[in-house]
Amino acid sequence: MRRAWKVVHAKKRWHAPLRAVEVMVGTIAALWLVYLVVANALLASQWAKNEMNAKPQVLQADYGSAYTILPGVVHLSHVAGWGQFTGLEYQGQIDRLRIDVGLAALLHHRVALDIHASGVAVQGKPPAAKRSVDPTIDAPVPRHTVAAPPVPVVDESLATWTIGVKLEVADGRELWVDGARYDGPFAAKGSAHTTPNRSF
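Attention in this report is confined to the structure presented alongside it. (Residues numbered from 1 in each chain as written. Predicted model: local features only at pLDDT ≥ 70, side-chain atom pairs only at ≥ 80, totals over all residues. Heavy atoms only, no water.)

This next bit is on the overall build of the protein chain. Of the regular secondary structure elements, the protein chain holds three helices and seven strands. For the protein chain, the sequential pattern of α-helices and β-strands runs α-α-β-β-β-β-α-β-β-β. Counting contacts in the protein chain only where the partners sit at least 6 residues apart, residues at least 24 apart contribute 62% of the total. As presented, the protein chain carries roughly 13,500 Å² of accessible surface, and 66% of it is formed by carbon and sulfur atoms. (Helix = DSSP H or I, 4+ residues; strand = E, 2+ residues; numbered from the N terminus. Contact = heavy atoms within 4.5 Å. Areas by Shrake-Rupley, 256 points an atom, 1.4 Å probe, with all protein chains shown as cover.)

What follows is the structure, given as C-alpha cells:
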C-alpha cells in the first residue's frame, strides 16, 4: 500500500510542472500562428507596398512576393526599385532578398539589419547624368516624377538610437556605375553603423 501511495504521489508532484510546460508551449504556438497569419497578410497587401513607397523622392520599389515564417525574418522575391541616396540615383533588380531584423536589439535602442541579396543587377549614376537607362535592368525609373529629396527634419530624440546594417550580395549579375558597366558574376559584403538625429 505504501509503495502504491509513493507512485501516486510522484505522479501528482510532476503533474503541475508538466501542465505548466504544456500551457507555455501552447501559448507560444498560438502566438506564432497569429504572427504567421497577420504578418503574411500584411506583406501580401497593397498597404505594405504603399508604406514602402511613402517617400517617392527617396525610394520607389515593388516586389513580386513576400513571406515570413520566423519573427524578424522577411523573404522577398523579384524586387525592383529606384532610389536617391548619398547624392546618387540607384535602380535595379534583386531576385531574392532576405532581411533579418534583430528584435532583441530593439530593446536597447538599436536597429540591427542583416540583409542577404542574390541575383542582383544595379545601376548608380549622378541625378544630372543624361545617359539613358540600361534597357536590361527592368526597374522603376522612377514611376513618379520626383525632385531632390527633402531636407530631413532634425529630431534629437533619434540620437538615442543606433543603426547597424550588414549587407551580403551573392550571385550578382550586372553592375553599372554611370558609364562603366560590369556584366558578369560578382559578390560583395559590407556593413555600416550610424547614430541618426534626423527623421526618416
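On to the pairing of strand β6 (residues 162-177), then. One ladder, built from 13 bridges, connects strand β5 (residues 110-125) with β6; its direction is parallel. Counted as the bridge partner of Q123 is W176 from β6. Where β6 meets strand β7 (residues 180-194), twelve bridges bridge the pair, whose relative direction is antiparallel. Bridge pairing in β7 places E174 opposite D183. (Pairing = 2+ DSSP bridges.)

Turning our attention to the packing of aromatic side chains. Taken as a whole and judged by the stated rule, the model has one aromatic pair. Here the aromatic rings of Y182 and F186 are separated by 6.4 Å at their centres, their planes lie at 70°, and the arrangement is edge-to-face. (Phe/Tyr/Trp six-rings, centres within 6.5 Å; stacked < 30°, edge-to-face > 60°.)

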